[in-house]
Amino acid sequence: MNKKIIIPLIIVIALLIAGVAVLYVNLHKQQKENAEMEQLAALDKKEMENEYQQFANQYSEMKTQINNDSIVAQLTAEQEKTQRLLNELRQTKSSDAREIARLKKELATVRAVLRSYVLEIDSLNRLNQNLTAENTRIKGQYAEANRQIEGLNTEKASLSEKVAIAAQLDATGISMSPLDKKGKTTKKLKKAKSFQVSFTIARNVTAQSGMKTVYVRVTTPTGALLGNAGSFSYENRSLPCSMKKAVEYAGKETPVSLYCNIDQTLQGGTFNVSIFVDGNMIGSRNFSFE
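Residues numbered from 1 in each chain as written. Predicted model: local features only at pLDDT ≥ 70, side-chain atom pairs only at ≥ 80, totals over all residues. Heavy atoms only, no water.

J.: I would appreciate a short explanation of helix α2 (residues 69-90) in the present structure.
T.: Note that an α-helix has 3.6 residues per turn; residues three or four places apart therefore point the same way. A rise of 1.5 Å per residue sets the reference length of α2, with its 22 residues, at 32 Å; its end C-alpha atoms lie 31 Å apart and thus fit the reference within 8%. Listed in full, the buried residues belonging to α2 are Ile 71, Leu 75, Glu 78, Gln 79, Thr 82, Leu 85, Leu 86 and Leu 89. Down the axis, α2 shows its buried residues gathered within 125 degrees of arc, on one side only. Residues of α2 that are exposed and point more than 90 degrees away from the buried face comprise Asp 69 and Glu 80. With a side-chain oxygen positioned 2.9 Å from the backbone nitrogen of Ser 70, the residue opening α2 is Asn 68. (Helix = DSSP H or I, 4+ residues; strand = E, 2+ residues; numbered from the N terminus. Expected span 1.5 Å × (residues − 1). Buried < 20%, exposed > 50% of the residue type's maximum accessible area, 1.4 Å probe, protein only. Arc of directions from axis to C-beta. Polar contact = N/O pair within 3.5 Å; in protein donor to acceptor, adjacent residues only side chain to side chain.)

J.: Looking at this model, I keep getting lost on the layout of surface pockets. Mind explaining?
T.: Space left empty within the atom packing is revealed by a probe, the size of a water molecule, rolled over the atoms. Considering only enclosed or pocket space, the second largest pocket measures out at about 550 Å³ in volume. Looking at the second largest pocket, it is lined by 26 residues, and the ones nearest its centre are Lys 104, Lys 105, Ala 171, Gly 283 and Ser 284. Elements supplying a minimum of two residues to the lining of the second largest pocket: α1 (3-63), α3 (97-139), β1 (171-179) and β9 (280-289). Sort the elements by how many residues they give to the lining of the second largest pocket and α3 lands first, with nine residues. Of the residues in the lining of the second largest pocket, the class split is nine nonpolar, seven polar and 10 charged. (1 Å grid on protein atoms, 1.4 Å probe; cavity = no way out; pocket = protein on both sides within 12 Å on 5 of 7 lines; lining within 4 Å. Points joined across faces, edges and corners; volume = space filled by probe spheres on them. Nonpolar A, V, L, I, M, F, W, Y, C, P; charged D, E, K, R; others polar.)

J.: What's the story with the packing of aromatic side chains in this structure? I'm lost.
T.: When we look at a pair of aromatic rings, we describe it by the centre distance and by the angle of the planes. Tallying each qualifying case throughout the model produces seven aromatic pairs. Aromatic pair Phe 195 and Phe 289: ring centres 5.8 Å apart, planes at 35 degrees, arrangement tilted. Note that Phe 195 is positioned in strand β2 (residues 194-201) and Phe 289 in strand β9, a separation of 94 residues in sequence. Phe 195 gets classed as buried once you look at its relative accessible area, which sits at 0%. Between Phe 232 and Phe 276, the aromatic rings sit 4.8 Å apart at their centres with planes inclined by 45 degrees, giving tilted as the arrangement. (Phe/Tyr/Trp six-rings, centres within 6.5 Å; stacked < 30°, edge-to-face > 60°.)

Structure, rendered in structure tokens:
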């Protein structure tokens with residue numbers, strides 16, 4: 001063959017081989033990122049199942065500590081509701097983002113209701129303790145008083161464990177806004193230079209006050225993580241985060257805003273925001289941008 005034909009042909013073949021290699025590398029990277037997202041979703045679903053089961057078990061234990069028939073009936077109703085939601089969760093695939101989000105919202109409600117009963121029962125037990133101690137003092141039944149105090153200490157330790165679970169924080173009112181180069185909200189994703197994620201850490205009188213580090217993960221429609229602000233521990237593994245911020249929390253509603261620069265070309269679609277504090281996922285929501 002003529003050299004004028006052979007050389008261009010060799011160049012074309014080389015370009016085709018290079019293109020196939022790049023396509024293979026990108027496809028492998030995308031498959032790896034999708035596998036990580038599926039694994040995270042499965043871990044999140046498993047954690048929700050464990051919490052639902054734990055809450056249902058706590059209702060059973062709490063009913064044994066109360067002699068008030070009205071409260072026992074209320075606890076039974078809440079326990080049945082919790083068990084029903086647990087069954088729905090077990091039948092839901094971890095890839096069903098909409099149903100998982102609904103059941104996560106229901107889980108926050110169950111946690112808040114359980115927390116209110118823990119505080120109410122603790123208050124009743126404290127009142128009962130005071131009345132019993134006074135009655136014991138008047139009657140001079142010192143031996144009986146000592147046995148009741150031992151029982152109350154055991155009960156108090158059990159309630160302390162429940163309060164620790166009820167102390168988990170919740171993120172409400174989650175929003176995500178693209179910002180242009182002037183820091184103003186824009187509806188066009190191609191003009192966005194950064195994202196603003198805002199939410200409120202809900203009031204929780206049982207939570208420990210102090211400085212909290214908030215970690216936020218933002219994933220793009222392709223499943224890639226946006227930004228790079230280090231990593232944190234979750235479910236006995238290290239996860240990278242898009243942004244993080246130290247926040248002082250005193251048990252009251254605390255507004256939080258974080259910002260993440262856009263360092264890649266983004267496609268329109270559904271973005272996911274997940275928020276973590278103290279090793280727990282306290283909120284998650286999807287947003288669609290064009």
